[in-house]
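Each chain, letter by letter, is given below.
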Amino acid sequence: MQTLNKIEKELLEQISSLHNIEECSVNIRKNGQCVVRKTNADIEIESKKDKEGINIFVKDGTKNKGCHIPVILSVSGLTDTVYNDFYIGNDVDITIVAGCGISCGGGKSEHNGIHRFFIGENSKVKYIEKHLGLGNGGERVINPVTKVFMKKNSECNMITTQISGITDSKRTTFARLGENAVLNINETLFTTDNQTCETHFKVVLEGKNSKAHIVSRSVAKDNSKQNFFSSVIGKNACFGHIECDGILTGHARIASTPKIDAGCEDALLVHEAMIGKISNDQILKLMSLGLNKEEAEQEIINGFLSSKI
Amino acid sequence: MLTIKNLCYKTQDKEILKDVNLVFENGINVITGQNGTGKTTLAKILMGIVTATSGQILLDEKDITKLSIDKRAKLGVSLSFQQPTTFKGITVFDMMKLANKDIKTIKDACTYLSMVGLCARDYINREIDKNLSGGELKRIEIATILAKGGKVIIFDEPEAGIDMWAFDDLTNLFLTLKDKIVIIISHQKRIMEISNKIYLFNKDGEIVVTDKTKLFKEVEESKCSTLRSQNANTK
């Protein structure tokens, strides 16, 4: 077992802050290797035999349990690709916390986490994913892929954040929803300097009365660039809503490309997108409470990026 | 004391405020008049949001004409906006804490929400966004300004969107601020009734300082003369 140094502990704390769940199963991966694993009777974790990664099995009826699977990269020159599959039984209520923290100094480190969720009937999953980079110089690259397959009456609430320090990322999310399934995604992105971030969402509303709400809130500063692609396909009586809100400062750029595709007359699909600078009215209001312009802008951005689902 | 000296405000094609000279003292000062006579512009000039073309503003002898919005706010000038601004992600509690650094707990903030008739528990963690109704936003705006406090508190049409049932509470609330310079832009008789002084803005850019008895008499007479002329026309 490898131990964690101070920076690694800090990364771990930030990407995987503990929550109010009594028993958690844990798998911590550091620089391409599993360093801590804790399982229990309800949540089993086993290593994949054919490639890097783990299988997580959650038993039918498991309630109020948690599973933490953070990844830390603290050396440069490493490309870590990992495949994690979650097999969630029926009637489960679970919180899963994943994420990756990179601190690589001057070189390049890359993490590609491919997560697949197979969610059973009547099960509820809260999935929290944080991506964070620390340190100056170098390249910290993260390309997360998340695929969610949802059975009848299941619910998935995803909160994903990429707040700072990631130089390049390509984020891909795919979801297929069964009858009455509900998917809520709240994505928060913040890019600075010359960082780039590309987000792809594809949601297929296959089951009758399935619902998806996807909200992406992003702030692009300096010379950073963000590209947002969304595609919602309604194949049945369903409701799909995608919202992309972006704030620009400096010479940044945000592009949003929506696609909504309804193939059933009872499908209702909505796309909203708004990109612009911080509203002057908001700045004036906060200044009239005694904040200077910079403080006002910071408060507006902090509020905008705070995830509430 | 808030003194306005020779204040003018012109846009490219219109003179909105013409040589305004006013002194506001502690108590309830109501500004009224027809739409488009520069009442909100004056409120914004006092807060520093709009810059006057010429003139001077003194707060207790200190010249604040060139001070920025935040510096005026720190000196005790507060403005409750006519149209409250919405924010994605900023909650009522966040806003209260920004308005007053002494607000640390939810209980501290609740005091001010209760004053504007909102059940604090229902609102404290809500975002100040478009999911709130106009009346709710207005009450939160007023509560924020009460939390901030100050020497000069300006309310721009505080009654807009607030239901009639809450009206007595609102006027009583203003009466509790009588030891400060309270400036209320309003068209409501019930607010004028509690005023110490009324400033009537007319279309020619003039401001007439009056009191409620005189103003109500004039309004009544003007209504009568309009009725008389309408009757004469129909005969």
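As the structure is a computational prediction, the values presented were derived from the model and not from experiment.

A. Fine view of the overall build of chain A. When you go through chain A residue by residue, the secondary structure sums to three helices and 20 strands. Computed over its C-alpha atoms, the radius of gyration of chain A comes to 20 Å, within 12% of the 19 Å expected for a compact globule of 309 residues.

B. Quick look at the nonpolar core. Membership of the largest hydrophobic core comes to 81 residues, with the highest contact counts inside it found for Met96(B), Ala143(B), Ile154(B) and Ile184(B). In contact with Met96(B), not counting residues within four places along its chain, are Ile103(B), Ala109(B), Tyr112(B), Thr144(B) and Ala147(B). Residues Ile94(A), Ile96(A), Ala98(A) and Leu177(A) belong to the second largest nonpolar core, which totals 39 residues.

C. Region of interest: the interface of chain A and chain B. Facing 18 residues of chain A, the contacting portion of chain B comprises 17 residues. For the side of chain A that touches chain B, the secondary structure elements donating two or more residues are helix H2 (280-287) and helix H3 (293-305) of chain A. By residue number, the principal contributor to the side of chain A that touches chain B is H2(A), which donates six residues. Along the lines of polarity and charge, the residues of the side of chain A that touches chain B split into eight nonpolar, six polar and four charged.

D. Structural detail: unusual backbone geometry. With phi around 50 degrees, Asn64(A) is a residue other than glycine that occupies positive phi space. Secondary-structure assignment places Asn64(A) in the loop between strand E4 (53-58) and strand E5 (65-73). C-beta crowding within 10 Å serves as the criterion here: with 11 such atoms nearby, Asn64(A) is assigned to the exposed category. The phi angle at Glu61(B) is positive, at roughly 75 degrees, despite the residue not being glycine.

E. Spatial organisation of the domain arrangement of chain B. Residue and element names in this part refer to chain B. Annotation of chain B at the domain level lists domain 1 (2-76 + 150-234) and domain 2 (87-147). The C-alpha centroid of domain 2 is placed 26 Å from the C-alpha centroid of domain 1. Across the boundary between the two partners, domain 1 contributes nine residues, which contact eight residues of domain 2. Partitioned by chemical class, the residues of the side of domain 1 that touches domain 2 number six nonpolar, one polar and two charged.

F. Seen up close, the sheet that holds strand E14 (residues 182-191) of chain A. Residue and element names in this part refer to chain A. With respect to topology, ten strands assemble into an open sheet ordered E2-E1-E5-E7-E9-E12-E14-E16-E18-E20, the strand pairing being mixed. The open sheet is flanked by strand E2 (33-38) and strand E20 (267-276), the only strands paired with a single partner. Each neighbouring strand pair of the sheet contributes to a mean axis angle of 5 degrees, computed without reference to strand direction. The pairing of strand E12 (residues 155-164) with E14 spans eight bridges and is parallel. Within E14, the position partnered with Ile-159 by the bridge is Asn-186. In this fold H3 packs onto E14, strand E16 (210-220) and strand E18 (238-248), with an angle of close to 155 degrees to the strand it touches most, E16.

G. View of helix H3 (residues 92-99) of chain B. Within H3(B), seven of the eight residues are buried, which leaves it mostly tucked inside the rest of the structure. Within H3(B), burial applies to Val92(B), Phe93(B), Asp94(B), Met95(B), Met96(B), Leu98(B) and Ala99(B).

H. Up close: the packing of H2(A) against H3(A). Residue and element names in this part refer to chain A. Taken N-terminus to C-terminus, the directions of H2 and H3 make an angle of 115 degrees; their axes are 9 Å apart at the nearest point. Crossing of H2 against H3: the hand is right-handed. Touching Gln-282, Ile-283, Leu-286 and Met-287 of H2 are Lys-293, Ala-296, Glu-297, Glu-299 and Ile-300, all from H3. The residue inventory of the contact of H2 with H3, partitioned by class, reads five nonpolar, one polar and three charged.

I. Broad picture of H2(A). A large share of H2(A) lies buried, amounting to six of its eight residues. Considered for burial, the residues of H2(A) that qualify are Gln282(A), Ile283(A), Leu284(A), Lys285(A), Leu286(A) and Met287(A). Of the surrounding elements, those touching the buried residues of H2(A) are H3 of chain A together with helix H2 (69-75) and H3 of chain B.

J. Main features of the sheet that holds strand E2 (residues 15-24) of chain B. Residues and elements named next belong to chain B. Spatial strand order, E2-E1-E4-E5: four strands in an open sheet with antiparallel pairing. Taken across any chain shown, the strands that pair with only one partner, and hence form the sheet edges, are E2 and strand E5 (62-63). Of the pairings in the sheet, the one linking strand E4 (residues 54-59) to E5 comprises two bridges and is antiparallel in character. When the bridges of E5 are listed, Leu-58 appears paired with Asp-63.

Calculation criteria
Residues numbered from 1 in each chain as written. Chains lettered and ligands numbered in written order. Predicted model: local features only at pLDDT ≥ 70, side-chain atom pairs only at ≥ 80, totals over all residues. Helix = DSSP H or I, 4+ residues; strand = E, 2+ residues; numbered from the N terminus. Rg over C-alpha atoms; globule rule 2.2 N^0.38 Å. Core = buried A, V, L, I, M, F, W, Y, C linked by C-beta atoms within 7 Å. Buried ≥ 20, exposed ≤ 12 C-beta atoms within 10 Å, placed from the backbone. Contact = placed C-beta atoms within 7 Å. Nonpolar A, V, L, I, M, F, W, Y, C, P; charged D, E, K, R; others polar. Domains from an automatic or database assignment. Pairing = 2+ DSSP bridges. Axes fitted to C-alpha atoms, helices over the stretch in contact; angles between N-to-C directions. Left-handed = near helix turned anticlockwise from the far one by under 90°.

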